[in-house]
Amino acid sequence: MPCEQADIAIIGGGPAGAAAALTLRRHAPGLSVVLFDAGRHALEKPGEILPAVAQGLLRQLGVWTEFLSSDFVESRAVIAAWASETPDERASIFSAQGPGWQLDRARFDRLMVQAASDSGVEVRLGTAVLSATRSDQGWRLGLADGEIVANTVIWATGRSWKLARSFGAKLRVHSHLAAYARFFDGVPGDCQMLIEARPEGWWYSADLPGQRRVVACMTDPDLGGDLRNPNYWYDALAATRIIAPLLPKGAYETAMLVKSAGTATIDPAAGNHWVAAGDSLFSADPLSSRGIVHALRTGILAAYAASDMMDGRGELARMRYAMIASQGFADYGPALAAHYATAARWDTAFWQRRRSHAAALASG
Ligand SMILES: Cc1cc2nc3c(=O)[nH]c(=O)nc-3n(C[C@H](O)[C@H](O)[C@H](O)COP(=O)(O)OP(=O)(O)OC[C@H]3O[C@@H](n4cnc5c(N)ncnc54)[C@H](O)[C@@H]3O)c2cc1C
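Residues numbered from 1 in each chain as written. Predicted model: local features only at pLDDT ≥ 70, side-chain atom pairs only at ≥ 80, totals over all residues. Heavy atoms only, no water.

Draft legend 1. Up close: the packing of helix α8 (residues 314–330) against helix α9 (residues 332–341). Remark: α8 packs on α9, axes separated minimally by 5 Å, with the N-to-C direction vectors making an angle of 15°. In terms of orientation, α8 and α9 fall into the roughly parallel class. On the side of α8, the interface is formed by Gly-328, Phe-329 and Ala-330, while α9 contributes Tyr-332, Gly-333 and Pro-334. Grouping the amino acids of the contact of α8 with α9 by side-chain chemistry returns 4 nonpolar, 2 polar and no charged. (Axes fitted to C-alpha atoms, helices over the stretch in contact; angles between N-to-C directions. Helix = DSSP H or I, 4+ residues; strand = E, 2+ residues; numbered from the N terminus. Parallel < 35°, antiparallel > 145°, perpendicular 65-115°, else oblique. Contact = heavy atoms within 4.5 Å. Nonpolar A, V, L, I, M, F, W, Y, C, P; charged D, E, K, R; others polar.)

See the structure below:
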């Protein structure tokens, strides 16, 4: 089979990879860009809350009109039983940035890769990159049915770090966390997002487009093993104060997922003709609600760094990118520590660990 060539290959077609692809088409239209995604964005995926600040990034990427016509749910309020059992309601109209959105994540991710494809990027869904090897010609990427050689690679595989060793990058896991999420149909919308601290961890729930709702329990993987069992999960849900009452009798479960959700970083952020973006670079605790915005922002910056690498300015691009990436992480620890400290109502294993992880992150 002949070996294919591209100037830039993007591995991963989530928000980070798609943002990188769209940016490259605008910023460096002369470069050939191919984007691979192992999946097809057909399955349920958690990560539904898109803060209002994303609007500027979606405009910059040229997808604002498509986004607006996608009928995602505009968030009306966040209700939190966090610092105490008494729910605290924050209406979006009082936010300086306006309301954010509650997404159908698979649909949002499809919208982004479709826009990249429409702009001229070669998008290959259902195509996993299995290996990456540096050669004199560039990066040789192994696919199930052949290989492709790319001058520069943008690594945006989310929380899958299988290629880390190929790039010479080290993964650092700062804290573990797992999401035990279930999706429901037949739930009338209320445009709200709820969050509740419980002894075993914390729960969140968001109303999604099309009368759907996601409900997830976040806890440590070694503490939450039983939550895979539906009986245990529904019993734990029944003990919540503000989340359980939102699931009406007619609601029926359509999917169940267990996802890792702790904090992790890689080092370095970029290397010899490669640059990491999104969760591959820095995975945040979902409590921070910053994952998608971070993915879009670093996808854009990774595209500029990759095109600088193509132009022979690799050293400068690497240094700049590493500096920006470390700044993005610097403010995260203190903010997360402050969030967890306000829910210090229990002395269970989960909350003891959260406090010590958060303190370690806050002190760098
Ligand atoms: C439970 C949970 C709740 C969350 N809630 C929120 C939230 O409310 N708001 C928010 O902003 N963020 C949230 N996040 C985080 C958010 O989902 C991520 O930060 C975001 O999806 C990161 O985008 P990404 O493009 O870096 O990675 P991803 O979205 O994970 O995309 C990576 C893509 O790479 C593909 N891929 C992986 N390996 C390969 C390979 N070898 N070859 C080809 N393709 C590959 C995958 O198929 C995938 O499509 C949440 C996360 C979790 C776990």
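That was the structure; now back to the text.
Draft legend 2. Layout of the site of the ligand. Neighbouring residues of the ligand: 35 residues in total, closest Asp-37, Lys-45, Ile-49, Asp-279 and Ile-292. In the model, an oxygen atom of the ligand is placed 2.7 Å from a nitrogen or oxygen of the Lys-45 side chain. A distance of 3.0 Å separates an oxygen atom of the ligand from a polar atom in the side chain of Arg-105. Protein coverage of the free-state accessible area of the ligand, which is 1,000 Å², stands at 89%. Elements that contribute at least two residues to the shell around the ligand include exactly α1 (15–27), β2 (33–37) and α7 (291–310). Of all the elements, α7 adds the most residues to the shell around the ligand, at 3 residues. (Near = heavy atom within 4 Å. Polar contact = N/O pair within 3.5 Å; in protein donor to acceptor, adjacent residues only side chain to side chain. Areas by Shrake-Rupley, 256 points an atom, 1.4 Å probe, with all protein chains shown as cover.)

Draft legend 3. Broad picture of unusual backbone geometry. Note that the residue after Asp-267, namely Pro-268, is joined by a cis bond; omega there is 0°. Residue position: Pro-268 is located in the loop between β18 (263–267) and β19 (270–271). Located in the positive-phi region is His-41, a residue other than glycine, with phi close to 55°. Tracing the backbone shows His-41 in the loop between β2 and β3 (49–50).

Draft legend 4. Broad picture of α9. All buried positions along α9 are accounted for by Tyr-332, Gly-333, Leu-336, Ala-337 and Tyr-340. End-on, the buried residues of α9 take up no more than an arc of 125°, which puts them together on one face. (Buried < 20%, exposed > 50% of the residue type's maximum accessible area, 1.4 Å probe, protein only. Arc of directions from axis to C-beta.)

Draft legend 5. Structural context of the packing of aromatic side chains. Under the counting rule described, the total for this entry stands at 24 aromatic pairs. Ring plane angle 90° and centroid distance 5.0 Å describe the contact between Phe-67 and Trp-101, whose orientation is recorded as edge-to-face. Of this pair, Phe-67 sits in helix α3 (residues 64–68) while Trp-101 is found in strand β7 (residues 101–102), placing the two residues 34 residues apart along the sequence. Assessed through its relative accessible area of 2%, Phe-67 is described here as buried. Ring plane angle 25° and centroid distance 5.9 Å describe the contact between Phe-329 and Tyr-332, whose orientation is recorded as stacked. The exposure class assigned to Tyr-332 is buried, which follows from its relative accessible area of 1%. Through a chain of ring-to-ring contacts, the aromatic side chains of Trp-82, Trp-202, Tyr-204, Tyr-340, Trp-346, Phe-350 and Trp-351 assemble into a single cluster. Taking NZ or CZ as reference, Arg-182 lies 4.9 Å from the ring centre of Trp-233, over its face. The aromatic ring of Tyr-340 is capped on one face by Arg-354, whose charged end is 5.8 Å from the ring centroid. (Phe/Tyr/Trp six-rings, centres within 6.5 Å; stacked < 30°, edge-to-face > 60°. Lys NZ or Arg CZ within 6 Å of the ring centre and 35° of its normal.)

Draft legend 6. Up close: the sheet that holds β3. One open sheet accounts for 3 strands, arranged β3-β7-β4; its pairing is antiparallel. In the strand order of this sheet, the two ends are held by β3 and β4 (73–74), each with one partner. Pairing of β3 with β7 involves 2 bridges; the strand directions are antiparallel. Paired with Leu-50 across the bridge in β7 is Trp-101. (Pairing = 2+ DSSP bridges.)

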